[in-house]
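# Report on the structure
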Amino acid sequence: KQIIMITKSDIESSDSFLAQGGICVLKSEDDYDSYFEDTLRAGHYENRRESVDIMIRSSQEIIKELIGYGVDFEKDSEGNLIYTREGAHSTSRILFHEDVTGKEITSKLLEAVKQLDNVTILENTTMLDIVEKDNVCYGIVCRMNDGEENSLITISANTTIWACGGI
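Residues numbered from 1 in each chain as written. Predicted model: local features only at pLDDT ≥ 70, side-chain atom pairs only at ≥ 80, totals over all residues. Heavy atoms only, no water.

## What to know about the confidence of the model for the chain
Parts of the prediction with low pLDDT should not have their coordinates interpreted in detail. The predicted model of the chain averages 92 in pLDDT, with 98% of residues at 70 or higher. Per-element confidence in the chain is highest for helix H3 (residues 49-68), whose mean pLDDT is 97, and lowest for helix H1 (residues 15-18), whose mean pLDDT is 81. (pLDDT = per-residue confidence, 0-100. Helix = DSSP H or I, 4+ residues; strand = E, 2+ residues; numbered from the N terminus.)

Right, dumping it as structure tokens:
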């Protein structure tokens, strides 16, 4: 598939890029119940339990994939991952990179995406509207800002995915 990613600013101006903390991972099966409870408590018990389970169960594989992309989590002198503790967690299960974990993860993933021939990244592009008919999405209308000029474009797509972070 041909993929177009848009971002309303430059590619490095995102909350993910600015995130300082770390990323949670299930260290062992012995930690599952505690991790699950910590996550529910942090979400005021409004979490979808199935989603929490999937997140926890898939965390080790996700970390392996991130390391495969070159993400450099902190390690001790013997090369073992170092875990820290952050808010809402009752034990150390957070992997990190200095105080710029978001930048470390996001920059490595962006490097990988930029190597893909089927992905185009449009910076300084803002989605304005959804192109739809009969409650079916056919794409989006965007404003591209190249600094001096704004132009409207329509991006047609069989599949449209919003990855909007915190909205």
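Having seen the model, we can carry on.
## Examining helix H2 (residues 32-42)
Inspection of H2 places Tyr32, Tyr35, Phe36, Asp38, Thr39 and Leu40 among the buried residues, and these make up the whole buried set. Where H2 is buried, its residues meet strand E2 (23-24) and H3. Trailing H2 by a residue or two, His44 shows a phi angle of about 55°, which is positive. (Buried < 20%, exposed > 50% of the residue type's maximum accessible area, 1.4 Å probe, protein only. Contact = heavy atoms within 4.5 Å.)

## Concerning helix H4 (residues 101-114)
For H4, with 14 residues, the first-to-last C-alpha span of 20 Å sits near the 20 Å given by 1.5 Å per residue. When H4 is considered as a whole, its buried residues turn out to be Thr101, Gly102, Glu104, Ile105, Thr106, Ser107, Lys108 and Leu110. Looking at the buried residues of H4, the elements they touch are H1, E2, H3, strand E3 (94-95) and strand E4 (119-122). (Expected span 1.5 Å × (residues − 1).)

## Overview of the sheet that holds strand E7 (residues 150-156)
Spatially, E5-E6-E7 is the arrangement adopted by the 3 strands of the open sheet, whose pairing is antiparallel. Two strands bound the open sheet, and with one partner strand each, they are strand E5 (125-133) and E7. Each neighbouring strand pair of the sheet contributes to a mean axis angle of 25°, computed without reference to strand direction. Pairing of E5 with strand E6 (residues 136-145) involves 8 bridges; the strand directions are antiparallel. By the bridge assignment for E6, Thr125 is matched with Met144. (Pairing = 2+ DSSP bridges. Axes fitted to C-alpha atoms, helices over the stretch in contact; angles between N-to-C directions.)

## Comments concerning the pattern of salt bridges
Two side chains carrying opposite charge are able to pair once their charged atoms lie near each other. Inspection of the entire model under this criterion finds 9 salt bridges. Note that Arg57 and Glu29 form a salt bridge whose closest N and O atoms lie 2.8 Å from each other. Highlighted residues: Arg57 in helix H3 and Glu29 in the loop between E2 and H2, separated in sequence by 28 residues. A relative accessible area of 52% means that Glu29 is categorised as exposed. Arg41 serves as the salt-bridge partner of Asp38, at 2.8 Å between the closest nitrogen and oxygen. With a gap of 3 residues between them, Asp38 and Arg41 both fall in helix H2, about one helical turn apart. A single salt-bridge network, built from bridges that share partners, covers Asp31, Glu37, Asp38, Arg41 and Arg93. (Salt bridge = Lys/Arg side-chain N within 4 Å of Asp/Glu carboxyl O.)

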